[in-house]
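The chain contents come next:
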Amino acid sequence: MTTTSRDRAKDLRPAVDLDEVDRSIVDALAADARLTNAELAARIGVAPSTAHARTRALVERGVITGFHASVDQRVVGAGLQAMVHVTLRPGSRHESITEFAHEVRGLPQVIQMFFLGGSDDFLIHIAVADSSEVRAFVVEHLSAQRSVANTRTSIIFDYHRNRVAAPFH
């Protein structure tokens, strides 16, 4: 995965100014992306044509980057969630980081992966069926990689999500 100067420039673009209507649209859709345009318009107190045009503009401006479904992991057989902290070995950091991220981000158990500054290099949020699958994930997919120095796993008992954030690219 190569980052171009255009990608870096896009990542450094300034925050977009949002007026009250734009903020209301963003907040309403963040809470329920399945709102119809008519429901959205009624909720924020504007005409349906205004809600539609403003929503389309928010997508085009990159403020809204997607519409997502929230999946109950228990219902799909992955009711145990964990956060796995990963520290990579020193040396060849750029290659290790890039290779590790590429290998792990596509695994089906991974819900989210964070590249961090600090004592840990990555924080990986996984969902699996049971504790034996947590162990298998850590041993087979993380500890088996040469670049991994250590891992630390925390089981998630409960969590609350305020909103879905777009990737940093």
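Every value quoted in this text rests on a predicted model; they were computed, and no experiment measured them. (Residues numbered from 1 in each chain as written. Predicted model: local features only at pLDDT ≥ 70, side-chain atom pairs only at ≥ 80, totals over all residues. Heavy atoms only, no water.)

A.B. asks: So what exactly am I meant to see when it comes to the sheet that holds strand S4 (residues 148-156) here?
C.D. replies: The pairing of strands in a sheet comes from backbone hydrogen bonds and takes either a parallel or an antiparallel form. Strand order across the open sheet formed by 4 strands is S2-S3-S1-S4, with antiparallel pairing between neighbours. Where the open sheet ends on each side, the last strands, each with one partner, are strand S2 (110-115) and S4. Between one strand axis and the next, the sheet turns through 20° on average, direction left out of account. Taken together, the 5 bridges between S2 and strand S3 (residues 122-128) define a ladder with antiparallel strand orientation. Across the sheet, residue Phe 114 finds its bridge partner in S3, namely Leu 123. Contacting strand S1 (80-88), S2, S3 and S4, helix H5 (residues 93-105) crosses the sheet at an angle of about 165° to S2. Together, S1, S2, S3 and S4 form the strand contacts of helix H6 (residues 131-143), whose direction differs from that of S4 by roughly 160°. (Pairing = 2+ DSSP bridges. Helix = DSSP H or I, 4+ residues; strand = E, 2+ residues; numbered from the N terminus. Axes fitted to C-alpha atoms, helices over the stretch in contact; angles between N-to-C directions. Contact = heavy atoms within 4.5 Å.)

A.B. asks: Got a minute to help me understand the packing of aromatic side chains in this structure?
C.D. replies: Here a ring pair, both rings aromatic, is described through the centre-centre distance and the interplanar angle of the planes. Counting across every chain of the model gives 2 aromatic pairs. Geometrically, the ring pair formed by Phe 100 and Phe 122 is tilted, given 4.7 Å between the ring centres and 40° between the ring planes. Of this pair, Phe 100 sits in helix H5 while Phe 122 sits in strand S3, placing them 22 residues apart in sequence. A residue is classified by how much of its surface remains accessible, and Phe 100, at 0% relative accessible area, is buried. Judged by centre distance (5.3 Å) and plane angle (35°), the ring pair of Phe 115 and Phe 122 falls under tilted. In this structure Phe 115 comes out as exposed when scored by relative accessible area, which is 53%. A residue is classified by how much of its surface remains accessible, and Phe 122, at 1% relative accessible area, is buried. Among the aromatic residues, those joined into a ring-pair cluster are Phe 100, Phe 115 and Phe 122. (Phe/Tyr/Trp six-rings, centres within 6.5 Å; stacked < 30°, edge-to-face > 60°. Buried < 20%, exposed > 50% of the residue type's maximum accessible area, 1.4 Å probe, protein only.)

A.B. asks: What is the right way to look at helix H2 (residues 20-31) in this model?
C.D. replies: Helical geometry: 3.6 residues make up each α-helical turn, so side chains three or four residues apart lie on a common side. Here H2 is 12 residues long and its end C-alpha atoms lie 17 Å apart, about the 16 Å a rise of 1.5 Å per residue gives. Along H2, the positions that sit buried rather than exposed are Asp 22, Ile 25, Ala 28 and Leu 29. For H2, the buried positions fall inside an angular range of 135° around the axis, keeping them on one side. Across from the buried face of H2, at angles greater than 90 degrees, the exposed residues are Glu 20 and Ala 31. (Expected span 1.5 Å × (residues − 1). Arc of directions from axis to C-beta.)

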